[in-house]
Amino acid sequence: MTAAKLEELTRRATVRIGPQGDPDRLWGTGFFVAPGWVLSCAHVIPGVERPEAVGAFLVHGRHGSTPARLGYWLGGGFDPEQDLVLIRLADDSVRHTCVRLGDRSDAPSRVTVYGWRAAEGCKPQTWSGHCVINGSDGSSGLTLGPETEIPHGASGGPVLDRDRGVVLGVVKARRRGKDGGLAIAATALRGFARAVPVGGEQGLGREPYRELIRAHDQWHHRMREEPGSEAKSWVAAQEGIVPSGERVWTPRDSAAASALLAELPPPVSTRELESLIEVAVGEEPLWPGAVAARDWRDGHGWLYETADGDDIAFLHYLLLVARTCAAERPGPAAELERWALQRAGQLPVYYRALLKTPRIAAWVAERAAGAEAGGPVVAVELRPDAYRPQDRFHWRIWTWAEEAGCFRAWDEGDEPEGASLAELPYLLSEPLHEIFGRTDTEGGPARLEFVLPVECFDENVHLWRSRLVARTMRPDPADRPFGVHRQVVLRPLEREATPRELHRERWLGVAEGALETLPLRWPEAGSEVLEAAPAGAVPLVCRTAGDGAEPLREVIRAGYAVALWRRGDPHQAGCGTPCGDLEDRVARLLRRARRAGALPEELRMLRERISRADADADWAEPLALLYDDPDRPLPEPAGLLNSP
């Protein structure tokens with residue numbers, strides 16, 4: 001029933017176009033995209049090459065028959081995107097429904113095309129057919145598969161994406177003597193930024209594309225408030241076909257966000273829009289086609305293709321837009337921010353942790369400025385005993401306040417011969433529980449840093465707990481592994497031998513710039529690869545520390561402050577599909593984090609998802625993170641004991 005409802009709503013917005021003197025004559029098809037505006041192909045209008053001489057014609061549809069005239073066109077030409085025209089109804093009071101236009105740039109698969117047809121000697125009839133998009137033609141052309149024979153008269157009709165429930169294009173042409181044809185992607189509407197007004201038309205002002213698409217979004221928002229309206233039904237029908245579940249940016253979210261964006265002043269330029277997207281998701285947008293993005297809505301549509309349509313990416317983007325427009329349009333900007341904050345409240349706990357400052361907008365602003373949210377740190381150093389370095393360790397604990405340069409001693413072991421790794425979780429349980437009670441804040445738990453020799457980097461310290469025996473039946477974070485509810489990272493004792501200048505240079509590269517995966521398949525990738533890598537490189541070692549200690553030592557010698565590797569079973573000879581899969585997933589993780597400061601929390605969220613039996617996060621089970629901030633150097637033992 002949901003698919004049938006979408007088909008009916010699309011038909012209601014589809015019109016036929018013909019001359020005034022002959023109401024049964026069919027020129028072609030069009031469809032309503034905004035109040036009083038019909039989108040069609042220019043070639044269906046006879047004499048369009050001389051648009052000023054076309055005069056009035058009729059638009060027939062569910063609303064009745066209404067005189068209309070050409071409003072804007074793109075000047076004609078051979079490219080598909082130049083064959084679009086906007087038709088304006090002569091009567092602005094006519095009530096009609098509008099299609100819901102998609103804002104995505106990626107091509108769909110299954111579509112339904114709509115239009116009108118007229119057999120010889122018969123009145124025009126409505127028509128539709130199912131087919132697939134099986135290719136592209138130029139920057140905006142979409143080829144329609146041979147499943148359907150497109151009849152004469154259907155040019156200018158809407159193309160409905162059956163999997164997403166939005167109109168994504170315009171039927172342009174059929175193939176003579178064959179099935180299938182050609183459509184124009186809806187993103188080609190951006191070309192109306194330089195449209196030619198016909199007859200002094202000024203209905204869409206100096207920015208026809210922006211005004212049209214904003215009128216479209218505002219109509220859908222306004223009509224959703226009316227009981228039983230088609231706009232409300234359209235979004236409801238969309239939600240019936242789009243897969244639902246946790247972390248999904250829904251059609252209702254999209255419609256609400258688009259309406260709020262429509263109330264804001266437009267971007268100053270395409271570059272400003274691209275800059276906001278880079279800040280929001282850490283990735284430069286590559287717009288398909290030749291027509292550049294023009295409005296905030298275009299950026300919203302691009303996010304579907306980034307981070308798998310991650311809803312937090314949409315929220316970051318919306319808050320950045322609100323912040324950008326706050327000075328020029330404070331009321332609408334504040335309304336967008338309020339809506340985004342309310343929507344953020346629906347995030348799962350493990351994602352909401354990314355938005356842990358009192359106001360998400362302030363957190364996003366910190367990201368935009370290149371500064372990650374700070375916070376207290378608890379550090380545990382495990383130093384091998386001089387006489388039994390393989391199995392006995394001396395420990396000490398200190399804390400860092402939010403100011404990186406201020407550390408404080410907390411506790412240290414008094415065992416003369418040290419303790420074994422098996423004993424340490426028990427020895428550290430009580431002192432860590434006490435110190436966390438003092439350092440954890442409303443902003444979140446303190447980060448836990450373990451300082452270890454590289455040979456111990458496979459130790460599962462993220463599975464340790466501050467309470468080894470539960471004291472209540474009620475859920476308590478202290479009863480769960482550290483890595484589930486707080487950030488747990490590793491730091492190397494071997495850093496003491498690394499030149500500080502090299503360490504700081506590598507840190508600045510990942511703290512201030514976009515992160516980039518540097519796969520290290522040893523021994524093929526050696527020290528030369530590490531030295532030549534760009535500033536934002538993050539080494540990924542697919543081997544465990546047990547059989548890959550040398551690669552990790554090379555990473556540390558080369559000054560790297562951030563790196564990832566795989567715990568678990570020893571690596572098999574040679575690298576195969578599992579290594580490639582790990583590299584691809586880590587690359588996506590780094591793109592999502594964007595800067596080093598976000599990586600510890602991104603990894604913690606993955607670990608929490610694993611604890612909740614989320615199979616999609618299982619790949620991160622063996623992942624470990626080296627995170628070694630040079631602004632928090634390891635204190636000397638004497639200095640530690642004398643600190644306040």
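Quick caveat: nothing in here was measured; it's all calculated off a predicted structure.

1. Notes on the overall build of the protein chain
- Regarding its fold elements, the protein chain presents 18 helices and 22 strands.
- Considering the protein chain as a whole, with its 644 residues, one finds that 55% of them fall into the buried category.
- Restricting to contacts in the protein chain with at least 6 residues of sequence separation, those with at least 24 account for 67%.
- By element, 49% of the accessible surface of the protein chain is carried by carbon and sulfur atoms, the whole surface being about 27,800 Å².

2. Points about helix 7 (residues 311–325)
- Here helix 7 contains 15 residues, and its C-alpha end-to-end distance of 21 Å stays within 8% of the 21 Å for a straight helix at 1.5 Å per residue.
- Counting buried positions along helix 7 gives 13 out of 15 residues, so the element sits mostly inside the fold.

3. So, the pairing of strand 14 (residues 377–384)
- In terms of residue burial, strand 14 counts as a mostly covered element, since 6 of its 8 residues are buried.
- Of the strand pairs in this sheet, strand 14 and strand 15 (residues 393–400) are connected by 8 bridges, and their pairing is antiparallel. When the bridges of strand 15 are listed, L382 appears paired with W395.
- By the bridge criterion, 5 bridges tie strand 14 to strand 17 (residues 447–452) in an arrangement that is parallel. Within the sheet, the bridge partner assigned to V378 lies in strand 17 and is L448.

4. Things to note about the side chain of Q487
- Following the sequence through the fold, Q487 ends up in the loop between helix 12 (482–485) and strand 18 (488–492).
- A distance of 3.1 Å separates polar atoms of two side chains, one belonging to Q487 and the other to E601.

5. Quick notes on the confidence of the model for the protein chain
- The pLDDT averaged across the protein chain works out to 83; a share of 84% of its residues lies at or above 70.
- When the criterion is pLDDT under 50, residues 356–370 qualifies, and its contacts beyond four places in sequence or with other chains add up to 32 contacts.
- Considering only residues more than four positions removed or in separate chains, one finds that residues 638–644, a stretch of pLDDT under 50, has 11 contacts.

6. Concerning the pattern of salt bridges
- As enumerated under the stated definition, the model contains 38 salt bridges in all.
- When the shortest N-O distance is used, the salt bridge between D581 and R585 registers 3.3 Å. In this pair, D581 and R585 both sit in helix 16 (residues 577–593), 4 residues apart, roughly one turn of the helix.
- Look at D581 and you get partly exposed, because its relative accessible area is 37%.
- Accessibility expressed as a relative area gives 26% for R585, which makes it partly exposed.
- Overlapping salt bridges, with partners in common, bring together R447, E449, R491, R495 and D628 in one network.

7. Let's talk about the packing of aromatic side chains
- Applying the stated criterion to the full structure yields 9 aromatic pairs.
- Here the aromatic rings of Y304 and F314 are separated by 5.1 Å at their centres, their planes lie at 65°, and the arrangement is edge-to-face. Taken as a pair, Y304 in the loop between helix 6 (296–302) and helix 7 and F314 in helix 7 lie far apart in primary sequence, 10 residues in all.
- Under the relative-accessibility criterion, Y304 is labelled buried at 17%.
- Given the relative accessible area of 0%, F314 is considered buried.
- Between W507 and Y627 the ring centres are 5.4 Å apart and the planes differ by 75°, which places this aromatic pair in the edge-to-face class. Linking W507 in helix 13 (residues 500–512) with Y627 in strand 22 (residues 623–627), this pair joins segments that are 120 residues apart in sequence. Both residues of the pair, W507 and Y627, belong to the buried class.
- Three or more aromatic residues joined by ring pairs make a cluster, and in this case those are W249, Y304, F314 and W339.
- Taking NZ or CZ as reference, R16 lies 5.4 Å from the ring centre of W116, over its face.

Calculation notes
Residues numbered from 1 in each chain as written. Predicted model: local features only at pLDDT ≥ 70, side-chain atom pairs only at ≥ 80, totals over all residues. Heavy atoms only, no water. Helix = DSSP H or I, 4+ residues; strand = E, 2+ residues; numbered from the N terminus. Buried < 20%, exposed > 50% of the residue type's maximum accessible area, 1.4 Å probe, protein only. Contact = heavy atoms within 4.5 Å. Areas by Shrake-Rupley, 256 points an atom, 1.4 Å probe, with all protein chains shown as cover. Expected span 1.5 Å × (residues − 1). Pairing = 2+ DSSP bridges. Polar contact = N/O pair within 3.5 Å; in protein donor to acceptor, adjacent residues only side chain to side chain. pLDDT = per-residue confidence, 0-100. Salt bridge = Lys/Arg side-chain N within 4 Å of Asp/Glu carboxyl O. Phe/Tyr/Trp six-rings, centres within 6.5 Å; stacked < 30°, edge-to-face > 60°. Lys NZ or Arg CZ within 6 Å of the ring centre and 35° of its normal.

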